[in-house]
Amino acid sequence: MKKFIYILFFIFSLSSLGQEYSLMEKFVLPSEVEETSGLIFLNGKIITHNDSGDDPNLYEIDTISGTILRIINITNATHIDWEDISQDNTYIYIADIGNNNGDRDNLIIYKILKSDFISSTSVTAEQITFSYEDQTDFTSQPNNSNFDAEAIAVYQENIFIFSKNWVDFKTNAYVIPTATGNYSAEKVSSYDSQGLITGVSYNASTDGFLFCGYNNTLIPFLLYVGHDRPSSLDIFGGNPTKIDLIDSIFLEQGSQIEGITFFEDSKYYISREFFSTNIGAVTFEFPQKLYEFYNPLDNLLSITDNEFSNLIHVVPNPIEDSFKIIQKNKYQEIQSFSLFSLNGRTIFFKKKQDEIDLKNISKGVYLLKIEFKNDRNVVKKVIKK
């Protein structure tokens, strides 16, 4: 990300640790990824990338030592402004969507097979191109546009793109398919984030989104959107919770947090890119680092939600070939089913059916999300035997 600097009043006094959240520094990231802009967790390793000024590479990093294990080159990609990375069960998606000037007409998401990524250090990508349905002005306006973006998430066979609005400090959610092609990104939700959104991670086990970003004085924050959203597309339609990382848990003002990924239960990795600035005769430097964050909001369910969930049953469970949904009291018509692996990968998304076939699904433990037409949903743990 091209740097911007506001007048900073740096805070170096240690804020008291909140009892709800915990943030732990893991290690300084290698110098090869000073501009770490996105994160995913795959096969027990961290995958990250720079935003620009580098070859089109992904870096596989050991979670214990912080050393680079492999560098994977995307042979047919360019590296204009890579800002985030996401995944589903089969593919990795790399978002070349940075648009600080608001004038790009070549926004692109690279799509690479995980099997290729795992087996080789040189891979080719499919391409998904798009433009925003509501952008008509492509005049260059440095850091003065609402059509910059640094965050994507793959959810229900769609790619959600979350804008980084320099003008009104809101974020808009746009959606395009995961299939290769050229699209007009549809605006489906919006939220007054009061800051710049720089990354997002979807946690299938809780059906929640956790965003990272910072405001116009470089105070970092997180934004949590839970499962109680009114619909699958209106991401911000519920009650988002903002977590100020200065007030709640200590992270220095000036920390440009850029990447975030769910990796276990309610635990996330967060990356900070290198940043240096001078105020008067004093130089302030923030080295690139990886942090581990625990989010208790992932585990919070209201009494009503628990009572509602207890009325819904998957039969049989464990599942051999297929299952049905049984409601103790007829509640509402089911709209769709989504099946996720425990590390958040989408296995399938299906519209309403009386019986769901799992014959071709591997044995294991999965999370089944059931959405109803009244916009409520339930997540159930299921076993395929």
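Residues numbered from 1 in each chain as written. Predicted model: local features only at pLDDT ≥ 70, side-chain atom pairs only at ≥ 80, totals over all residues. Heavy atoms only, no water.

A. Layout of the overall build of the chain. Within the chain one finds two helices and 30 strands. A buried classification covers 56% of the 385 residues belonging to the chain. In the chain, once contacts between residues fewer than 6 apart in sequence are set aside, the share between residues at least 24 apart is 56%. Accessible area for the chain stands at about 15900 Å²; split by element, carbon and sulfur atoms hold 48% of it. (Helix = DSSP H or I, 4+ residues; strand = E, 2+ residues; numbered from the N terminus. Buried < 20%, exposed > 50% of the residue type's maximum accessible area, 1.4 Å probe, protein only. Contact = heavy atoms within 4.5 Å. Areas by Shrake-Rupley, 256 points an atom, 1.4 Å probe, with all protein chains shown as cover.)

B. Layout of the sheet that holds strand β29 (residues 364–372). With antiparallel pairing, the four strands of this open sheet are ordered in space as β27-β26-β29-β30. Each end of this open sheet is capped by a strand with a single partner; those strands are β27 (346–351) and β30 (377–384). Each strand of the sheet is rotated relative to its neighbour by a mean of 20°, with strand direction disregarded. With five bridges joining them, strand β26 (residues 334–341) and β27 adopt antiparallel strand pairing. Of the residues in β27, the one forming a bridge with Leu 339 is Phe 348. (Pairing = 2+ DSSP bridges. Axes fitted to C-alpha atoms, helices over the stretch in contact; angles between N-to-C directions.)

C. How the structure looks around the pattern of salt bridges. For the structure shown, the criterion picks out 10 salt bridges. Arg 104 is paired through a salt bridge with Asp 96; the nearest N and O atoms lie 3.1 Å apart. Of the two residues examined, Arg 104 and Asp 96, each falls in the buried class. Glu 252 is the partner of Arg 272 in a salt bridge, and the nearest nitrogen-oxygen pair spans 3.1 Å. On the criterion of sequence distance, the pair formed by Arg 272 in strand β20 (residues 267–272) and Glu 252 in the loop between β18 (241–244) and β19 (257–264) is long-range, its members being 20 residues apart. (Salt bridge = Lys/Arg side-chain N within 4 Å of Asp/Glu carboxyl O.)

D. The sheet that holds strand β17 (residues 220–225), seen in detail. Reading across from one edge, β15-β16-β17-β18 is the order of the four strands in this open sheet, with antiparallel pairing throughout. Lying at the two open borders of the sheet, with one neighbouring strand each, are β15 (196–203) and β18. Strand-to-strand twist of the sheet, defined as the mean angle between neighbouring strand axes without regard to direction, takes the value 20°. Relative to strand β16 (residues 208–214), β15 is paired through seven bridges, and the arrangement is antiparallel. Looking at the pairing, Val 200 lines up with Phe 211 of β16.

E. Layout of the nonpolar core. The biggest cluster of nonpolar side chains holds 21 residues, and the ones touching the most others in it are Phe 160, Phe 162, Val 200, Phe 209, Phe 211, Ile 235 and Phe 236. Sorting the residues of this core by element identifies β11 (149–155), β12 (158–163), β13 (171–177), β15, β16 and β17 as the ones contributing at least two each. Filtering out sequence-adjacent residues up to four positions away, Phe 236 remains in contact with Phe 162, Thr 171, Ala 173, Ser 189, Ser 190, Tyr 191, Phe 211, Leu 223 and Val 225. (Core = buried A, V, L, I, M, F, W, Y, C linked by side-chain atoms within 4.5 Å.)

F. Representation of a negative patch on the surface. Together, Glu 320, Asp 321, Asp 354, Glu 355 and Asp 357 give the surface a local cluster of negative charge. On the secondary structure map, Asp 321 appears in the loop between β24 (312–315) and β25 (322–327). For Asp 321, a relative accessible area of 35% translates into the label partly exposed. (Patch = residues over 30% accessible without salt bridge, like charges linked within 9 Å, V, L, I, M, F, W, Y side chains within 5 Å. Lys, Arg positive; Asp, Glu negative; His and termini not counted. Charge placed at Lys NZ, Arg CZ, Asp CG, Glu CD.)

G. Inspection of the packing of aromatic side chains at higher detail. If you walk through the whole model with that rule in mind, you get 22 aromatic pairs. Look at Phe 41 and Tyr 269: their rings are 6.1 Å apart centre to centre, the planes differ by 55°, and that puts the pair in the tilted class. Here Phe 41 is found in strand β2 (residues 36–42), whereas its partner Tyr 269 is found in strand β20, with 228 residues between them in sequence. Exposure class is identical for Phe 41 and Tyr 269. Each is buried. The ring of Tyr 91 carries Lys 111 above its face, with NZ or CZ at 4.3 Å from the centroid. (Phe/Tyr/Trp six-rings, centres within 6.5 Å; stacked < 30°, edge-to-face > 60°. Lys NZ or Arg CZ within 6 Å of the ring centre and 35° of its normal.)

H. Highlighting the pairing of β19. Among the eight residues of β19, seven are classified as buried, and the element is accordingly described as predominantly covered. Bridge count between β19 and β20: six bridges; the pairing is antiparallel. Bridge assignment links Ile 257 to a residue of β20, and that residue is Arg 272.

I. Examining the environment of Asn 43 more closely. Residue placement: Asn 43 occurs in the loop between β2 and β3 (45–50). A sequence separation of 75 residues divides Asn 43 from Ile 118, and the C-alpha atoms of the two residues are 9.1 Å apart.

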